[in-house]
Amino acid sequence: QVQLVESGGGLVQPGGSLRLSCAASGSTLEYLAIGWFRQAPGKEREGLSCISTRDGSTYVADSVKGRFTISRDNAKNTVYLQMNSLKPEDTAVYYCATDCPPGISTRVVWGQGTLVTVSS
């Protein structure tokens, strides 16, 4: 089973940037894509982006298009989410998973999440 570990979260001021990482280990050939999701307190999980592990094709949700960029480093088995122009409403726990949004596949594997707080 593949295991995913997110990192890179923290406190950032509005307008600032963060780069989140999703490092995969274990069986890394059993999945076709890595997606990024977030969940704020009291809100439903929101799909943000995903990238194919095979050809690098990407999807970015309209809500974050132009601010968030997904990329990969296959040699490191790592997927990144570059987040720019952050807003307070971006505050959430960010997760990566072995699925693209909406992330409802029955065999999806999730990371533990990393907290992003956007506040002055």
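Attention in this report is confined to the structure presented alongside it. Only a predicted model underlies this, so the values are computations on that prediction, with no experimental measurement involved.

Glancing now at the sheet that holds strand E2 (residues 10-12). Spatially, E2-E10-E9-E4-E5-E6 is the arrangement adopted by the six strands of the open sheet, whose pairing is mixed. Sheet topology places E2 and strand E6 (58-60) at the edges, where each strand pairs with a single neighbour. Along the sheet, successive strands turn relative to each other by an average axial angle of 20°, direction set aside. The pairing of strand E5 (residues 46-52) with E6 spans three bridges and is classified as antiparallel. Considered in E6, the bridge of Ser49 is made with Val60.

A word on the sheet that holds strand E8 (residues 78-83). With antiparallel pairing, the four strands of this open sheet are ordered in space as E1-E3-E8-E7. Two strands in the sheet have a free side with no partner beyond their single neighbour: strand E1 (3-7) and strand E7 (68-73). Averaged over all neighbouring strand pairs, the angle between strand axes comes to 20°, with direction disregarded. When E1 meets strand E3 (residues 18-25), the two strands line up antiparallel, connected through five bridges.

Let us look at the side chain of Arg67. Residue placement: Arg67 occurs in the loop between E6 and E7. Not counting chain neighbours up to four residues away, the residues in contact with Arg67 comprise Gln82, Met83, Asn84, Ser85, Leu86, Lys87 and Asp90.

A few words now on the nonpolar core. One finds Trp36, Phe68, Leu81, Met83 and Tyr94 to be the most contacted residues of the largest nonpolar core, which totals 28 residues. Elements that contribute at least two residues to this core include exactly E3, strand E4 (33-39), E5, E7, E8, strand E9 (92-97) and strand E10 (114-118). The greatest single-element share of this core, amounting to four residues, is contributed by E3. Every residue in contact with Leu81, bar those within four places of it in the chain, is listed here: Leu18, Arg19, Leu20, Trp36, Leu48, Ser49, Phe68, Thr69, Ile70 and Tyr94.

The relative placement of two aromatic rings is captured by the distance of their centres and the angle of their planes. This structure, assessed with the given rule, holds two aromatic pairs. Taken together, a centroid distance of 6.3 Å and an interplanar angle of 90° make the contact between Tyr95 and Trp110 edge-to-face. Placement of the pair is Tyr95 in strand E9 and Trp110 in the loop between E9 and E10, with a sequence separation of 15 residues. Here Tyr95 falls in the partly exposed class, since its relative accessible area comes to 21%. The exposure class of Trp110 is partly exposed, given its relative accessible area of 27%. An aromatic cluster is built from Phe37, Tyr95 and Trp110, whose rings are joined through pairwise contacts.

Conventions adopted
- Numbers given for residues are sequential positions, taken from 1 along each chain in its written order.
- In keeping with the model being predicted, local features are shown solely for residues with a pLDDT of at least 70 and side-chain atom pairs are shown and tallied solely at 80 or more, while totals for entire chains, interfaces and linings include all residues.
- Side-chain numbers here rest on the full set of heavy atoms in the structure, without hydrogens or water.
- Any two strands between which DSSP finds at least two bridges are classified as paired.
- Note on conventions: DSSP H or I runs of at least 4 residues are helices, E runs of at least 2 residues are strands, and numbering of each starts at the N terminus.
- Axis geometry follows a simple rule: fit a line to the C-alpha atoms, using only the stretch in contact for helices, then measure angles between N-to-C directions, giving values from 0 to 180 degrees.
- Should any heavy atoms of two residues lie within 4.5 Å, those residues are considered in contact.
- The term nonpolar core refers to a set of buried residues drawn from Ala, Val, Leu, Ile, Met, Phe, Trp, Tyr and Cys, joined through side-chain atoms within 4.5 Å.
- Buried means the residue's accessible area, taken with a 1.4 Å probe over protein chains only, is under 20% of the maximum for its type, while exposed means over 50%, and partly exposed covers the values in between.
- Ring pairs are drawn from Phe, Tyr and Trp, using the six-membered ring of Trp, whenever the two centres fall within 6.5 Å, and their geometry is named by plane angle: stacked under 30 degrees, edge-to-face over 60, tilted for the rest.

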